[in-house]
Amino acid sequence: MPILCNQMAFGPFLLLALLEGTVTAAVLALTALGLSLVFGVMRVVNVAHGAFFMLGAVLAWFVASHVPGAPALGFVAALVLAPLAVAALAAVADRLVLKRIGYDPEATIVATIGLLYIFEQAALSLFGPDARPVPAPFTWRIQFPWFGYSGYKLFVVAAALVVLAAVWLMLTRSRAGLIMRATQVDRQTARAFGINVDLVYTGTFALGAALAALGAVLVVPIQQAHYLMGGDPLLLSFIVVIIGGLGSLRGTLVAALVIGLGDGIISMFFTPTLAKIIATLAVALVLVFRPQGLFGARA
Amino acid sequence: MLRVEGLSAGYGAVQVLRGVGFEARAGEVTCIMGRNGAGKTTLMRAVMGLLPALAGEVRLDGRKVSDLPAHQVPKEGIGYVPQGRRLFGPLSVAENLQIGLLTRGRGAAVRDHVLSLFPRLRERLDQTSATLSGGEQQMLAIARALCLEPKVLLLDEPTEGLQPSMIGLIREVVMGLKAEGVAVVLVEQKVEAVLRMADQVVFLDRGEVAEVQPVAALRADPRPFRDHVGV
C-alpha cells in the first residue's frame, strides 16, 4: 500500500478507498440485515449468525467445486443452493432448539452460542481446516485513469443492492412482510388475528440466515471459505445493528454504509486495526449516549 | 353459539379462572362484570386461546375450539378487541385492517362495510395507527376485529377512557352487531351501559362465576351489581 501511496495522488487513492468501503458496506448490509430482522421480529440475539455466514461460504465452495464447466456455472449454482441450504438448516435449528426454549431472550443467547460451535465444528469435520478459494464468475476489470478495479466487486455491490431492495419491498409491500411486521409489534395480538407466530419465527430465522449466507457467497470469491471466517462478520453485524438500532432496517442500512465506508477509508489510509477500534468506539458512544441506536425506538 | 364450560386458566403457577361457564347466544349481548382482578380479561384471553386452558372447554357452534392452536381460533369466527386496543402501532390504519381481513380471507367488500361504520377511519387509511386519537384507535381496534366477519365478538372494556360521543358511537356499533346476529361478549364496568345493551350479565368473583342474570331481572333487582361489582 505505501507503494500505491507514492504512485497515486490523494483523489484516486480516496476513490479506491471508497470503492473498497462500498463493497464492504454492501456485504455487511446484507449480513446485518439478517441479524436485525431476527432480533426485530423474534427478539432473539442470534450469536450463530456468523456461523450461518461461514456455512454459506463453505457450501458455496462445495457446490462450486462440484459443478463442472465454467466458473460462472458453479458460482450461480452456489448463489442459489447455498442460501437455500443454510435457510433450511436454520429452520431446523429454530424448530429443534429455539422454539423448545420458548424464544426466551436469555436462553436463546446461550443456545445460539451452542449452535455457533456446533456449526463451526461440523464445518471443520466435514470440509477440513483449509481456506478454500472459489473462483469469481468473471474476471473483467473496470479501467479507471489511475488504476483498474475488479468488475466482480462492483457486481457484489449491485447484487447486494438488488437483494436489499427485494427484502425492503417484501417487508413493506407483501402479505408476508405485513405479517412479519405485525408479529414484530405484538406477537400475542398477532396470534389473536390468525397469524401463526411459530411459522413466522421459523421463516424469519431462515430468511436471516439466508441473507448471511448470500452475503458470504458473494464475498467468497474475494476472500476464501474457512470454518472460522464467521467471527468478523458477526462482530461487524452487531456493531451495525447496535449503531443503527436493533430491529430498525433503515438504521441497519445506514449504519452498514457508515461502518463499511469508514472501514474502507480508515483501513486504506491508516490500518484495518484502527478501523475496527474506531467502529468499536462508535458502538460504545452510541450505547452511552443513545442506547436505542440512531434509528431505534426507545424501549 | 359460544359455550364456555368449566374453564380454568391462569398465568404460570397462578390460577385465575376456576371452572367458569356461560353461554353467549347469537344476536345477544353477554356482559362480563366483576371487580378488578376478578378474571374478566383472563377469561377473554383464555377463550381466544392466548392462555392455555388448564381445564374445561370452549365450543363454538358445538365445535370444540379450546384444543386448537391460538392462531386457529379467530379463523373459526371469534373476533377480539383487547383491553388497551393493542393496535399494531407502527402500521397504518389500512394495514391494521388488512391484518383483520387476512385472518379469514375476507376482501374489499368487507372492508368497505366496516369503514361505513367508522367513516373517520376512511379519511385516515394511510396514517400510522399509533398517531390516532384514543377514540379513533378504539374505532380501529373494533374495525380490525370486524374485518373477520366474526360470529362471536369479544370486547374488553371498549369504552374505557373515551369521551361520551365516542362511547355513544361504539355502543351504536355493538347494538348494530347484535341486530345482525353476532354474539357479543362485552367486558363492561358501567351499569347504565350494561342495562341498556346487555341481554344477560355474567358476574365473576375471584375467578368463578358468582351469578348469571338476565338484564330484565337486574332491572327489577340490581343487588348483584352491588354484591359483585361494588356499584
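Residues numbered from 1 in each chain as written. Chains lettered and ligands numbered in written order. Predicted model: local features only at pLDDT ≥ 70, side-chain atom pairs only at ≥ 80, totals over all residues. Heavy atoms only, no water.

Some thoughts on the overall build of chain A
For chain A, the helix and strand inventory stands at twelve helices and two strands. For 299 residues, the compact-globule estimate of 2.2 N^0.38 gives 19 Å, and chain A sits close to it at 19 Å. Overall, chain A is about 65 × 50 × 35 Å in size when its C-alpha atoms are taken along their principal axes. For chain A, the proportion of its 299 residues judged to be buried stands at 52%. Summed over its atoms, the accessible surface of chain A is roughly 13,200 Å², and 71% of this surface lies on carbon and sulfur atoms. (Helix = DSSP H or I, 4+ residues; strand = E, 2+ residues; numbered from the N terminus. Rg over C-alpha atoms; globule rule 2.2 N^0.38 Å. Buried < 20%, exposed > 50% of the residue type's maximum accessible area, 1.4 Å probe, protein only. Areas by Shrake-Rupley, 256 points an atom, 1.4 Å probe, with all protein chains shown as cover.)

Topic: the interface of chain A and chain B
Many authors give the size of an interface as the accessible area that is lost as the parts come together. Taken together, the contacts link 17 residues of chain A with 23 residues of chain B. Summing both partners gives a buried area of about 1,700 Å² for chain A against chain B, and 69% of it is carried by carbon and sulfur. By the criterion of area lost to chain B, the three top residues of chain A are L178, A192 and F193 of chain A, representing 37% of everything that side buries. In this assembly, chain A and chain B are joined by two salt bridges. Between D186 of chain A and R86 of chain B there is a salt bridge, with the nearest N and O atoms lying 2.7 Å from each other. On inspection of chain A and its partner chain B, the count reaches five residue pairs in polar contact (both at pLDDT 80 or more). The greatest single-element share of the side of chain A that touches chain B, amounting to six residues, is contributed by helix α7 (residues 175–185) of chain A. (Contact = heavy atoms within 4.5 Å. Buried area = accessible area lost by both parts, 1.4 Å probe. Salt bridge = Lys/Arg side-chain N within 4 Å of Asp/Glu carboxyl O. Polar contact = N/O pair within 3.5 Å; in protein donor to acceptor, adjacent residues only side chain to side chain.)

Things to note about helix α2 (residues 93–103) of chain B
With ten of its eleven residues buried, α2 of chain B lies for the most part within the structure. All of the buried residues in α2 of chain B are V93, A94, E95, N96, L97, I99, G100, L101, L102 and T103 of chain B. The secondary structure elements touched by the buried residues of α2 of chain B are α6 (151–173) and α7 of chain A together with α3 (108–117), α4 (119–122) and α5 (134–146) of chain B. Note on α2 of chain B: the residue one or two positions beyond its end, G105 of chain B, has a positive phi of about 70°.

Some points on the pairing of strand β9 (residues 200–205) of chain B
Residues and elements named next belong to chain B. Along β9, five of the six residues are buried, which leaves the element largely enclosed by surrounding structure. Where strand β3 (residues 29–34) and β9 come together, five bridges link them in parallel fashion. Along β9, the bridge assignment pairs M33 with F203. Bridge count between β9 and strand β10 (residues 208–214): six bridges; the pairing is antiparallel. Among the inter-strand pairings, V201 is bridged to a residue of β10, identified as Q213. (Pairing = 2+ DSSP bridges.)

Describing the domain arrangement of chain B
All names here are of chain B. Each assigned domain of chain B is listed with its residue range as follows: domain 1 (2–77 + 152–228) and domain 2 (90–149). Both sides of the domain 1 and domain 2 interface together cover about 1,100 Å² of buried area, and 77% of this is carbon and sulfur. Linking domain 1 to domain 2 there are zero salt bridges. In this structure, the connection of domain 1 to domain 2 is made through two residue pairs in polar contact (both at pLDDT 80 or more). Mapped onto the side of domain 1 that touches domain 2, the elements with two or more residues apiece are β7 (152–156) and α6 (164–179). Here the side of domain 1 that touches domain 2 gets five residues from one element, more than from any other, and that element is α6. When its residues are assigned to classes, the side of domain 1 that touches domain 2 shows ten nonpolar, one polar and four charged. (Domains from an automatic or database assignment. Nonpolar A, V, L, I, M, F, W, Y, C, P; charged D, E, K, R; others polar.)

Quick look at helix α3 (residues 49–66) of chain A
Spanning 18 residues, α3 of chain A covers 26 Å between terminal C-alpha atoms, matching the ideal 26 Å at 1.5 Å per step. In terms of burial, α3 of chain A is largely enclosed, as 14 of its 18 residues are buried. (Expected span 1.5 Å × (residues − 1).)

Focus: the environment of H49 of chain A
Residues and elements named next belong to chain A. Looking at the secondary structure, you find H49 in helix α3. For the pair H49 and F238, spaced 189 residues apart in the sequence, the C-alpha separation amounts to 9.8 Å. H49 has contacts with T31, G34, L35, G208, A212 and L234, leaving out every residue within four places of it along the chain. Of the polar contacts made by the side chain of H49, one reaches the backbone oxygen of T31; its length is 2.7 Å.

A word on the pattern of salt bridges
Oppositely charged side chains can pair when the atoms bearing their charge come close. Residues and elements named next belong to chain B. Summed over the entire model, instances satisfying the criterion amount to 25 salt bridges over all chains. Among the ionic pairs, E76 bridges to R63, the shortest N-O distance being 2.9 Å. One end of the pair, E76, is in the loop between β5 (63–64) and β6 (78–81); the other, R63, is in strand β5, and 13 residues separate them in sequence. One connected set of salt bridges, linked through shared partners, spans E57, R59, K64 and D67.

Regarding the sheet that holds β7 of chain B
All names here are of chain B. Within the open sheet, the six strands sit side by side as β6-β7-β8-β3-β9-β10. Their pairing is mixed. Of all the strands in the sheet, the pair left with one neighbour each is β6 and β10. Averaged over all pairs of adjacent strands, the angle between strand axes in this sheet comes to 20°, irrespective of strand direction. (Axes fitted to C-alpha atoms, helices over the stretch in contact; angles between N-to-C directions.)

Details of the side chain of T108 of chain A
With respect to the helices and strands, the residue T108 of chain A is situated in helix α5 (residues 105–127). If we ignore the near neighbours within four places in the chain, the residues touching T108 of chain A are V44, V45, L98, I101 and Y103 of chain A.

A few points about unusual backbone geometry
Glycine aside, residues mostly have negative phi angles, and peptide bonds mostly take the trans form. Positioned with a positive phi, R43 of chain A is a non-glycine residue whose angle comes to about 60°. By the element assignment, R43 of chain A lies in the loop between α2 (10–42) and α3. The phi angle at R85 of chain B is positive, at roughly 75°, despite the residue not being glycine. Tracing the backbone through its elements, the reader meets R85 of chain B in the loop between β6 and α2.

Let's talk about the pairing of strand β1 (residues 2–11) of chain B
Residues and elements named next belong to chain B. Across seven bridges, the pairing between β1 and strand β2 (residues 14–24) is antiparallel. When the bridges of β2 are listed, G10 appears paired with Q15. The turn linking β1 back onto β2 is made up of two residues, and G12 within it adopts a positive phi angle of 60°. In the sheet, β1 pairs with strand β4 (residues 53–60) via six bridges, with the strands oriented antiparallel. When the bridges of β4 are listed, E5 appears paired with E57.

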